[in-house]
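A closer look at the structure
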2 protein chains.
Amino acid sequence: MRKKIYDVILAHEEASAEAFMKKIEGKKPLFVCVIGSTETAKIPGLSAAGKHPELTEYTPAADVELLLLGSCKCIKGVPVTPEGIPTPALITMSALKLANIPTLVVSGGVKIKPLVPYLDLGGKPGGDIRTGNAVENCEEILLRAKIAGENLSKIAEYLVVGESIPGGTTTALGVLLAMGIDAKRKVSSSMPKNPHELKIKVVEEGLKAAKIGFGELASDPLKAVSCVGDPMIPAFAGLVLGAAHRVPVLMAGGTQMGAVLAVVKSFDHQLLNNLAIGTTRWIIEDKNADLKGIIAQIVDIPILAADLDFSRSRFEGLKAYERGFVKEGVGAGGAAVAAMAKSRGKISAAALLEEIERNYEQLVAER
Amino acid sequence: MRKKIYDVILAHEEASAEAFMKKIEGKKPLFVCVIGSTETAKIPGLSAAGKHPELTEYTPAADVELLLLGSCKCIKGVPVTPEGIPTPALITMSALKLANIPTLVVSGGVKIKPLVPYLDLGGKPGGDIRTGNAVENCEEILLRAKIAGENLSKIAEYLVVGESIPGGTTTALGVLLAMGIDAKRKVSSSMPKNPHELKIKVVEEGLKAAKIGFGELASDPLKAVSCVGDPMIPAFAGLVLGAAHRVPVLMAGGTQMGAVLAVVKSFDHQLLNNLAIGTTRWIIEDKNADLKGIIAQIVDIPILAADLDFSRSRFEGLKAYERGFVKEGVGAGGAAVAAMAKSRGKISAAALLEEIERNYEQLVAER
């Protein structure tokens, strides 16, 4: 049985995970959601996105509208998978609301702009990584994000940073392979059947187009992102680089955090001990992916996993999370961890599910 | 002799000004700079902008780059008036740096986008108010700014909000007259000779084009801004409306704050006692304008004025401030007040001038 603090599983590096929980307990975080888009998401079969690419382009914008407004504005209802399973932003929104955690949106580059305030970093939507030329202006995005992170770290007691970018696990795989981290068959998926072979094929096409071999860009993370990454990654990494010297940063996400961590590490070793990954139980129990296996190749930072359990939910759309749908995204796990830590456990997994169901009922069931 | 706390003059409503200083003393603010642009600035003779309109379009972007980077990026050197007098952002930057105050940029709508992170509210650059149709999407800008203000008020102990928009006193005059506040010959100017008659003529042309009489929009501030205002005003007002229920807000600026205050007041009376204006001695001593005369017609909130004195500066470009050039802008006065309050007077007017001269030397004198 894994050790827990409140309903947070200390899933990796138990001692430092416990120390990180102590650091953030009772403290007031700022939640930052980094959005981006990549044409890669439109490749058929790759992502839940593939089936309705025209709708999925709205997902990042709709997700952050949900966080800031309590409902989406650029679409009706909330983003759903082709099977009708709702966005993890429902979890994030419920956690942030219960714990009264302020939120800021940062765009690394998106096709559809959200109808809420967002921090613009001058980035553009990402291209298809099969071209080997996926992200423009990567260094500038990272530098601007770093400035934002520095300034935010002066007012927030710590940061929780999440992301929303359809197709993001494939671009993460691209960056990880280019940087020499063996992540094949280790990245996660929002679908129960993880299309590993297709992801590998897409990434290899991109690496070939960019004339990059495995690990060749181990010390050139910006080139790795430019060739086969996405615009969320440099924005996220820049925020961490700017903030984590002054305050702890909880990197909220699944296996994509591997790519961000690899970029952060090649710029700055000193702040790694101020980082942890915040995720969901569904990610750490995923048999078709291996977050720890990725992280352990980079640097063993702690992993904190919100022990969410939707198996007894009243709603089929939430129960589906237990069957391998969605699992994580929009910083859901990290936001849940932060809500539990801020409230010193008063916000339990059960209380959170209740709030999620309340919001689900309002936003999804009756539309 | 007016009462001072540290080097802050309690320039209006002394008792509540003192109480406001007590509220913010030793506290950690967030400085927010709202930028915008208006075609009105290009009208010859209206603003220092008129002589070099093509350069002045870069001013808001260059100003906030100076705040965040310590130097401008979209132009060489720093913004200057046609006479070579440097931007008040030099004062702001020096105050924020000395007091280690974090900064966030918010755009209400600008033609030239800054090369630093900025919060986008979906606004567009403002048009010439002589058309009577100056700002698009005014309500949405205000609503989005309000969301940002609400979220920021959960992490900052108080907000200092400044602005940079060339031509802004004329658009402020437009909004004030439309709302029934007699501000003729009361708005300030960045030039020693205040072109009051021209400003009045321009505003009256705009009011006529929009078919609005004096005071006709007293209870429709958004229409006043849409017709004869600028995109900075709804962004600034929205931030105040979102934040001031939870934390004090120091409105950093000169007579333009009258227009913002009028808009804020028509939406919400309850938060007015959490507001003060932070400005410079040059504004309150200006014989060619009347900040207090404007404010007193709206609601008597306190005015705190940084007692800056550049008369003995080593640099002619700074001495010119004593001859009526520039006076205020980019939240210079409010940032100085905040630096003095945060440091409990350790940052004196003299210490600030020293820092300003150091930065002037690096950025202006030697370019």
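The following refers to the structure shown. Given the structure is predicted, the values throughout are model-derived calculations rather than measurements.

Quick notes on the rules
Residues numbered from 1 in each chain as written. Chains lettered and ligands numbered in written order. Predicted model: local features only at pLDDT ≥ 70, side-chain atom pairs only at ≥ 80, totals over all residues. Heavy atoms only, no water. Contact = heavy atoms within 4.5 Å. Buried area = accessible area lost by both parts, 1.4 Å probe. Salt bridge = Lys/Arg side-chain N within 4 Å of Asp/Glu carboxyl O. Polar contact = N/O pair within 3.5 Å; in protein donor to acceptor, adjacent residues only side chain to side chain. Helix = DSSP H or I, 4+ residues; strand = E, 2+ residues; numbered from the N terminus. Pairing = 2+ DSSP bridges. Buried < 20%, exposed > 50% of the residue type's maximum accessible area, 1.4 Å probe, protein only. Least-squares fit on C-alpha atoms with pLDDT ≥ 70 in both. Phe/Tyr/Trp six-rings, centres within 6.5 Å; stacked < 30°, edge-to-face > 60°. Disulfide = S-S within 2.5 Å.

In this complex, chain B contributes 26 residues to the contact, which on the side of chain A involves 26 residues. Taken over both partners, the interface formed by chain B and chain A buries close to 2300 Å², and the fraction arising from carbon and sulfur atoms is 62%. Connecting chain B to chain A are 2 salt bridges. The tally of links from chain B across to chain A stands at 10 residue pairs in polar contact (both at pLDDT 80 or more). Elements represented by at least two residues in the side of chain B that touches chain A include exactly strand 3 (29-36), helix 3 (59-69), strand 4 (103-109), strand 5 (118-120) and helix 5 (138-152) of chain B. The element that contributes the greatest number of residues to the side of chain B that touches chain A is helix 5 of chain B, accounting for 5 residues. Pairing of strand 5 (residues 118-120) of chain A with strand 5 of chain B involves 3 bridges; the strand directions are antiparallel. Among the inter-strand pairings, A:Asp120 is bridged to a residue of strand 5 of chain B, identified as B:Tyr118.

Another aspect to go through is the pattern of salt bridges. Residue and element names in this part refer to chain A. All told, the structure shown has 45 salt bridges over all chains when counted by the stated rule. Two residues, Lys4 and Asp7, come together in a salt bridge whose shortest N-O distance is 3.5 Å. Look at the salt bridges and you will find they share partners, linking Lys4, Asp7, Arg281, Glu285, Asp307 and Glu322 into a network.

Quick look at helix 12 (residues 291-298) of chain B now. Turning to helix 12 of chain B, its buried residues are B:Leu291, B:Gly293, B:Ile294, B:Ile295 and B:Ile298. Elements that come into contact with the buried residues of helix 12 of chain B comprise helix 6 (168-178), helix 10 (256-267), strand 8 (275-280), helix 11 (281-284) and strand 9 (303-306) of chain B.

Below, the discussion takes up the relation of the copies chain B and chain A. For the match of chain B to chain A, the screw axis carries a shift of 0.0 Å, the RMSD comes to 0.0 Å, and the turn is 180°. One copy is carried onto the other by what is essentially a two-fold rotation axis. By C-alpha distance to the rotation axis, the residue of chain B lying nearest is B:Leu119, at 2.1 Å. An overlap of 100% is found between the interface residues of chain B and their copies at the interface of chain A, pointing to a shared contact surface.

A few words on the packing of aromatic side chains. All names here are of chain A. For the structure shown, the criterion picks out 8 aromatic pairs over all chains. With a centroid separation of 4.8 Å and an interplanar angle of 65°, the aromatic rings of Trp282 and Phe310 are classed as edge-to-face. With Trp282 in helix 11 (residues 281-284) and Phe310 in the loop between strand 9 (303-306) and helix 13 (316-319), the pair connects residues that are 28 residues apart, well separated along the chain. For Trp282, a relative accessible area of 6% gives the class buried. With relative accessibility at 1%, the residue Phe310 sits in the buried group. The rings of Trp282, Phe310 and Tyr321 are connected pair by pair, giving a single aromatic cluster.

Another point: helix 8 (residues 221-228) of chain B. Residue pairs three or four apart in sequence face the same way in an α-helix, which turns once every 3.6 residues. All names here are of chain B. The element helix 8 is extensively covered by neighbouring structure, given that 7 of its 8 residues are classed as buried. All of the buried residues along helix 8 are Pro221, Leu222, Ala224, Val225, Ser226, Cys227 and Val228. Those residues of helix 8 that are buried lie in contact with helix 5, helix 6, helix 7 (196-209), helix 9 (232-243) and helix 10.

Residues and elements named next belong to chain A. Overall, the coordinates contain 0 disulfides over all chains when judged by the stated rule. Looking at the unpaired Cys33, the closest cysteine sulfur is the one in Cys72, lying at 12 Å. Among the residues examined, Cys33 registers a relative accessible area of 0% and is labelled buried. Left unpaired, Cys138 is separated from the closest cysteine sulfur, that of Cys227, by 9.2 Å.

Bringing the pairing of strand 6 (residues 158-164) of chain B into the picture now. Residue and element names in this part refer to chain B. Within strand 6, 7 of the 7 residues are buried, leaving the element largely enclosed by the surrounding structure. With burial as the criterion, each face of strand 6 is covered, one bearing Tyr158, Val160, Gly162 and Ser164 and the other bearing Leu159, Val161 and Glu163. Relative to strand 6, strand 3 runs parallel, the two sharing 7 bridges. Residue pairing for strand 6: Val34 is matched across the bridge by Glu163.

Here the focus is unusual backbone geometry. Peptide bonds are, in most cases, trans, and in most cases residues other than glycine have a negative phi. Of note, A:Val326 is a non-glycine position whose phi angle comes to about 65°, a positive value. Locating A:Val326 in the fold gives a position in the loop between helix 13 and helix 14 (332-342). Backbone geometry at B:Asn137 places phi at a positive 65°, although glycine is not the residue there.

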